[in-house]
2 protein chains.
Amino acid sequence: MEAAIPNHILNKIDELWTEEVDFLQEISRFPSVSGKEKALQAFLADYFISELDMDVDRFTPDVKEIADHPGFSPPEWGYEESDVVIAKQAAPEVPKGKSLIFQGHVDVVSPEPVSLWSSDPWVPVLRDGKMYGRGVADMKAGVTAMIFAYKAIKSAGYKPGAHFMLQSVVDEERTGNGALSALAKGYTADGALIPEPFGLRPAKAQVGSLWFRITINTAMKDESINQVVNVVERGTVIISALQKYEKMMNERPKHSAFKDMPHPVDINIGTFHAGDFPSNVPVKAVMEGRVGLYPGQSVEAVKKELKEWVLEAADQDPWLAKQPPEITFFGFHAEGAVMDDQSVFFKTLDNAHETILQQPAERTVLSSTTDARFFNLYYDIPATCYGPEGGNFHEIDEWIDLQSVKQVTKVYAEFLSNWCGLISKES
Amino acid sequence: MEAAIPNHILNKIDELWTEEVDFLQEISRFPSVSGKEKALQAFLADYFISELDMDVDRFTPDVKEIADHPGFSPPEWGYEESDVVIAKQAAPEVPKGKSLIFQGHVDVVSPEPVSLWSSDPWVPVLRDGKMYGRGVADMKAGVTAMIFAYKAIKSAGYKPGAHFMLQSVVDEERTGNGALSALAKGYTADGALIPEPFGLRPAKAQVGSLWFRITINTAMKDESINQVVNVVERGTVIISALQKYEKMMNERPKHSAFKDMPHPVDINIGTFHAGDFPSNVPVKAVMEGRVGLYPGQSVEAVKKELKEWVLEAADQDPWLAKQPPEITFFGFHAEGAVMDDQSVFFKTLDNAHETILQQPAERTVLSSTTDARFFNLYYDIPATCYGPEGGNFHEIDEWIDLQSVKQVTKVYAEFLSNWCGLISKES
């Protein structure tokens, strides 16, 4: 296909490429773990104002404002250090196209255990066309691409023909309350692209995600050995129950969007902590994790099912039957979502992809949640994830393929040109 | 039996009883967790000097001095805050009896999780003749009893007829290096009593104790699910192997001293820590624990056996076979010990018990280690544990029976009178 975008915008992206890589490296040095996004958000707000000449709104998510929203996830933490940054480019008096949001989250997950990394996760390094570091893929490369798509358009002497926003959001990795707050405050548009790093494939569905905490908290005494019951040993009963629950979930008929995925709805036991002294019998164990849910499954139904499943397993154990584990839920209460991938929005994205990549866009379905759900489920705004190619998200030695970042930058510029239309600034 | 001790010494113990309980309460307020004994040791050193008119030596254990000692346990911590306090009462020019050490450790184990306690573990409270608090039983009540036995003798106008020491030692709960250092520096005697809280029963044997750490540390990837292998799930393989090892150990012919104990040599998995984020797959799990060993079993042999056992189990697991756990040892490297309970020393203790309690002393054998091992194994000094009645050692709501503390105080005074002889200070 031929580009709708003037060629010198694409050339501008090539010209700015070194600067773009430097920018990615710079923002990846901020240890913006969820809840600690403020410093990076201040940097980006400044950048949007001084480099991109945009109007910027900043606010921290207000839990009271969104607590009754069906997309709300209950946090156990404050948002004092979690500013949302909205950079706006107003529409011309007579818009040429539809309004648009490019949105990315700047929070990243913990890099621990840092000792296992090949190099410092906060000092991103380049090796063989890849950049390595915590958050480079998920999703600072995408954030960089969306910013530089806009920067190239601007530098080439154009501006969007409709209202346009760059949204840098927070706490995506624990709740999505950053993106939800922005929508609840009215920062909406006719479409939204999120450059999550799924290999230049538009996502047409994503599972939901629910966080759980299981606490074994006991002063149960095994009189036969005159000792309290060891909660680490009891924990194996719960671990095994969760593994069986995962197996059961994936043996059920699959949601049609996920029919080709071997196990779309996973359980991850992310943490297990018990005891603080080798010679003491540990009496409190806490494990936290995440369970996936299909689009259409309600969060409340999965809570109930998981709880009953675990308690039933506990009931088979002589000790846990006497003192059942506490099962609570916090953080992610995210429903699954299916996107209408036959929409004009997807067609525009497919075209932009094909124009730049010279081959048709595939599709992907996600076994994790993203902020795209809010737009689709609660605001009837077409939105999807489309971003660069990377790997080891949430793992050691996370990486992003730089060539794909440049491609995504161009696809985003092409998409914007088509969706919003372009206005020459001289005109 | 009739008391060798003048009756007014026993009366003095009754007289001082309120003060003794206050003293126990006062020293139990010090949060002297192993490694943080200094403040309490300063208090006790002052007390020995100003209240008991003793000469006091203070030093911190010097690892270099004891590193080659067969009783040494390798610490992973410093001893900057762990003073050993030795209070001495010199022998008369012509000793009347044998020299004696009363020794107690002032370090206590962690009270966590504090939230499970009925009341603050550092604010000892009295209920129904018991005192509750971290360390009241293990072993500040014993320390109090040994001090007040001596104080009563002194207040009644007597002093020991031989060289006598009150030794307040440290790091008993992790290594025993406090007591070992004192012996290595030459603070020896003809016998030693340690008032550990085993219910007024002299201990005639104790198991050894070895601390282990097992680390599952992996970047193993399960390609079938394109995810790293979850170390919490792999941890269950190790937990199960340790449970089987414990079972195997206790199915072996028992050491004769422990033949009536159902499971003398336990494994305790004291800690299990993995992961820091519910949505990340945890890639490093660390568990620490303690394994018991019989008298006569060498620490090195148990290390080797445990290591081989765990690695063999790991080898049966498809993932752990590829990346076997690391198994290391730290802290307790304590051999088991058998005391000669037909010795003059035990007879003297039996007599003192019978004199005060009006019934014969039973015996106990210990499924845990104590500092008594050093005297018996490496210095040929008769020594045992004999102390008050308590419960929930190393657990929530630790308690000590106060009546038994008074009895032990009297037994210690009686023992000292017999073992060292008494000299009237006026003579």
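As recorded by an unreviewed UniProt entry, chain A carries the name Acetylornithine deacetylase and is attributed to Geomicrobium halophilum.

1. Details of the overall build of chain A
Along the backbone of chain A there are 12 helices and 21 strands. Expected size for 427 residues packed as a compact globule is a radius of gyration near 22 Å; at 23 Å, chain A falls within 12% of this value. Seen through its C-alpha atoms, chain A measures out along the principal axes to roughly 85 × 40 × 40 Å. Put simply, of all contacts in chain A between residues at least 6 apart along the chain, 82% involve residues at least 24 apart. Only carbon and sulfur atoms are counted for the fraction: they give 48% of the accessible area of chain A, which is about 15,500 Å². Of the side chains in chain A, 40 bear a positive and 62 a negative charge, and the two mean positions are spaced by 1 Å.

2. Examining the environment of Ser368 of chain B
All names here are of chain B. Within the secondary structure, Ser368 is located in the loop between β17 (364–366) and α11 (372–378). Once the C-alpha coordinates of Ser368 and Val207 are considered, the two residues, 161 residues apart in sequence, prove to be 5.7 Å apart. In this view, Ser368 contacts Phe198, Gln206, Val207 and Arg290; residues no more than four positions away in its chain are not counted.

3. As for the packing of aromatic side chains
The relation between two aromatic rings is expressed through the spacing of the ring centres and the mutual angle of the planes. If you walk through the whole model with that rule in mind, you get 47 aromatic pairs over all chains. Both rings, one in Trp77 of chain A and one in Phe330 of chain A, keep their centres 6.5 Å apart while their planes meet at 80 degrees; by these two values the pair is edge-to-face. Remark: Phe330 of chain A occurs in strand β15 (residues 326–334) and Trp77 of chain A occurs in the loop between α4 (63–66) and β2 (84–89); sequence separation between them is 253 residues. The pair formed by Trp77 of chain A and Phe330 of chain A is uniform in burial state, with each residue classed as buried. Here the aromatic rings of Phe258 of chain B and Tyr294 of chain B are separated by 5.8 Å at their centres, their planes lie at 50 degrees, and the arrangement is tilted. Note that Phe258 of chain B is positioned in the loop between α7 (231–251) and β13 (267–274) and Tyr294 of chain B in the loop between β14 (284–293) and α8 (299–315), a separation of 36 residues in sequence. With respect to class, Phe258 of chain B is no different from Tyr294 of chain B; both count as buried. Site record: aromatic cluster; members linked through ring pairs are Phe23, Phe30, Phe43, Tyr47 and Phe148 of chain A.

4. As for the relation of the copies chain B and chain A
Mapping chain B onto chain A calls for a screw motion: a turn of 180 degrees about the axis and a shift of 0.1 Å along it, with 0.1 Å RMSD after fitting. Such a combination of turn and shift is consistent with a two-fold rotation axis. Considering only C-alpha atoms, the residue of chain B closest to the rotation axis is His273 of chain B, which sits at 2.3 Å. Looking at the interface residues of chain B, 100% of them are also at the interface in chain A, so both copies use one shared face.

5. Regarding the pattern of salt bridges
Residue and element names in this part refer to chain A. Following the criterion strictly, the structure yields 40 salt bridges over all chains and no others. Across the salt bridge formed by Arg58 and Asp83, the nearest N and O atoms sit 3.5 Å from each other. Taken together, the positions of Arg58 in strand β1 (residues 55–59) and Asp83 in the loop between α4 and β2 put the pair 25 residues apart, joining distant regions of the chain. Classification of Asp83 as buried rests on a relative accessible area of 8%. A single network of salt bridges, built from pairs that share partners, joins Asp14, Lys406 and Lys410.

6. Looking at the interface of chain B and chain A
The interface is formed by 51 residues belonging to chain B together with 51 residues belonging to chain A. Where chain B abuts chain A, roughly 4,200 Å² becomes buried across the two surfaces, and 54% of that area is made up of carbon and sulfur atoms. Of all residues in chain B, Phe277, Pro278 and Asn280 of chain B bury the most surface against chain A, accounting for 15% of the area lost on that side. In this structure, the connection of chain B to chain A is made through zero salt bridges. At the boundary of chain B and chain A, one finds 23 residue pairs in polar contact (both at pLDDT 80 or more). Elements supplying a minimum of two residues to the side of chain B that touches chain A: β10 (208–217), β12 (227–228), α7, β13, β14 and β15 (326–334) of chain B. A breakdown of the residues in the side of chain B that touches chain A according to their chemical character gives 19 nonpolar, 20 polar and 12 charged.

7. A closer look at the environment of Val33 of chain A
Residue position: Val33 of chain A is located in the loop between α2 (17–28) and α3 (38–50). Setting aside residues no more than four positions away along its own chain, Val33 of chain A makes contact with Asp107, Val108, Val109, Ser110, Pro111 and Trp122 of chain A.

8. Regarding unusual backbone geometry
Cis geometry marks the peptide bond from Glu112 of chain B to Pro113 of chain B; its omega dihedral reads -5 degrees. As for its placement among the helices and strands, Pro113 of chain B is situated in the loop between β3 (100–105) and β4 (125–127). Here the residue pair Asp138 of chain B and Met139 of chain B is connected by a cis peptide bond, since its omega of -5 degrees sits within 30 degrees of zero. Mapped onto the elements of the fold, Met139 of chain B is located in helix α5 (residues 136–155). Its identity is not glycine, yet Asp397 of chain A carries a phi of approximately 60 degrees, on the positive side. We classify Asp397 of chain A as buried; its relative accessible area is 16%.

9. Details of the sheet that holds strand β16 (residues 337–338) of chain A
Read from one edge to the other, the open sheet built from three strands follows the order β16-β9-β17 (chain A), with strand pairing classed as mixed. Of all strands in the sheet, those bounded by a partner on one side alone are β16 and β17 (364–366) of chain A.

What counts, and at which threshold
Residues numbered from 1 in each chain as written. Chains lettered and ligands numbered in written order. Predicted model: local features only at pLDDT ≥ 70, side-chain atom pairs only at ≥ 80, totals over all residues. Heavy atoms only, no water. Helix = DSSP H or I, 4+ residues; strand = E, 2+ residues; numbered from the N terminus. Rg over C-alpha atoms; globule rule 2.2 N^0.38 Å. Contact = heavy atoms within 4.5 Å. Areas by Shrake-Rupley, 256 points an atom, 1.4 Å probe, with all protein chains shown as cover. Lys, Arg positive; Asp, Glu negative; His and termini not counted. Charge placed at Lys NZ, Arg CZ, Asp CG, Glu CD. Phe/Tyr/Trp six-rings, centres within 6.5 Å; stacked < 30°, edge-to-face > 60°. Buried < 20%, exposed > 50% of the residue type's maximum accessible area, 1.4 Å probe, protein only. Least-squares fit on C-alpha atoms with pLDDT ≥ 70 in both. Salt bridge = Lys/Arg side-chain N within 4 Å of Asp/Glu carboxyl O. Buried area = accessible area lost by both parts, 1.4 Å probe. Polar contact = N/O pair within 3.5 Å; in protein donor to acceptor, adjacent residues only side chain to side chain. Nonpolar A, V, L, I, M, F, W, Y, C, P; charged D, E, K, R; others polar. Pairing = 2+ DSSP bridges.

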